[in-house]
Amino acid sequence: MMYDPTEHRIRSFVTRAGRLSIAQARALETLGPQFLVEFSKAPLDFAATFGRSAPTVLEIGFGMGDTTSHIAKGMPEKDFIGVEVHTPGVGSLLKQIGEQELGNLRLIQHDAVEVLTHMIPPNSLAGVHVFFPDPWHKARHNKRRLIQAPFVKLLTACLAPGGYLHCATDWQEYAEQMLEVLGAEEGLSNTAEGYAPQPAYRPLTKFENRGLRLGHGVWDLVFVKK
């Protein structure tokens, strides 16, 4: 059963009152009207939103947006929609959009489950990125993890046939859960025997590089819709 956002459910995020920098606030004011898409309970017309028809990739939880802007800049032939709930991250990525002149990127500041349920048409996405979601590492909080069977089913419904779902985590126990959950989704097929090599388009973050130097692992999972 897919999520029903009108019902009570356990959320995978906690809304925090982050502090905006002057540059982030300025980006929200000046670039928000052009690059922020307001949440609506109606399917989003990708072509009208971007002013062209192109493969569209959705990223869920882009943080401060460094990875998102890097990927969008490296793939100008594709359009990207980033979903994030935290205002400083939205302001940070808007700032990067302005600095790098990224016309192929739009942002939605809202709960990803509701965005997927109402705004993303079925069979419409070329890809979905979920990079380093909160691992909720305490056992009593595992139920808050984003990558769970109902959410994966919702993602799969939004992917076009042949579209891909790329998840990455630096928490091994969460990686194992992701592999189990994604492998159990009958609409998806793994592109690798277990974990995938890191795709070239995903850059290493500063945090990730630091972890790798300390011997911490990073796991990528790439599945495609059958």
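Residues numbered from 1 in each chain as written. Predicted model: local features only at pLDDT ≥ 70, side-chain atom pairs only at ≥ 80, totals over all residues. Heavy atoms only, no water.

Caption draft 1: Representation of the overall build of the protein chain in the model. For the protein chain, the count of helices and strands is 8 helices and 7 strands. Here the protein chain holds 226 residues, and the buried ones make up 47% of them. When the accessible surface of the protein chain is summed, it comes to about 11,300 Å², and 54% of that surface belongs to carbon and sulfur atoms. (Helix = DSSP H or I, 4+ residues; strand = E, 2+ residues; numbered from the N terminus. Buried < 20%, exposed > 50% of the residue type's maximum accessible area, 1.4 Å probe, protein only. Areas by Shrake-Rupley, 256 points an atom, 1.4 Å probe, with all protein chains shown as cover.)

Caption draft 2: Examining the packing of helix α3 (residues 66–74) against helix α4 (residues 87–100) more closely. Look at α3 against α4: their axes get within 9 Å of each other, and the N-to-C directions meet at 30°. Put simply, α3 runs roughly parallel to α4. Classified by chirality, the crossing of α4 by α3 is right-handed. For the pair α3 and α4, contact is made by Asp66, Thr68, Ser69 and Lys73 and by Leu93, Gln96 and Gln100, respectively. Considered class by class, the residues forming the contact of α3 with α4 number 1 nonpolar, 4 polar and 2 charged. (Axes fitted to C-alpha atoms, helices over the stretch in contact; angles between N-to-C directions. Parallel < 35°, antiparallel > 145°, perpendicular 65-115°, else oblique. Left-handed = near helix turned anticlockwise from the far one by under 90°. Contact = heavy atoms within 4.5 Å. Nonpolar A, V, L, I, M, F, W, Y, C, P; charged D, E, K, R; others polar.)

Caption draft 3: Region of interest: the packing of aromatic side chains. On inspection of all chains with the given rule, the structure shows 1 aromatic pair. Taking the centre distance of 6.2 Å and the plane angle of 50° together, the rings of Tyr164 and Tyr201 count as tilted. With Tyr164 in strand β5 (residues 159–169) and Tyr201 in the loop between β6 (188–190) and α8 (206–213), the pair connects residues that are 37 residues apart, well separated along the chain. Accessibility expressed as a relative area gives 13% for Tyr164, which makes it buried. Positioned above the aromatic ring of Tyr174 is the side chain of Arg145, whose terminal nitrogen or guanidinium carbon lies 4.6 Å from the ring centre. One Lys or Arg, Arg202, reaches over the ring of Phe131 and ends 5.9 Å from the middle of that ring. (Phe/Tyr/Trp six-rings, centres within 6.5 Å; stacked < 30°, edge-to-face > 60°. Lys NZ or Arg CZ within 6 Å of the ring centre and 35° of its normal.)

Caption draft 4: Representation of α4 within the structure. Relative to the 20 Å expected for 14 residues at 1.5 Å per residue, α4 spans 20 Å between its end C-alpha atoms, a close match to the ideal helical length. As for α4, its buried residues are in contact with α1 (22–35), α3 and β3 (105–108). Of the residues trailing α4, Glu101 is marked for its positive phi of about 55°. (Expected span 1.5 Å × (residues − 1).)

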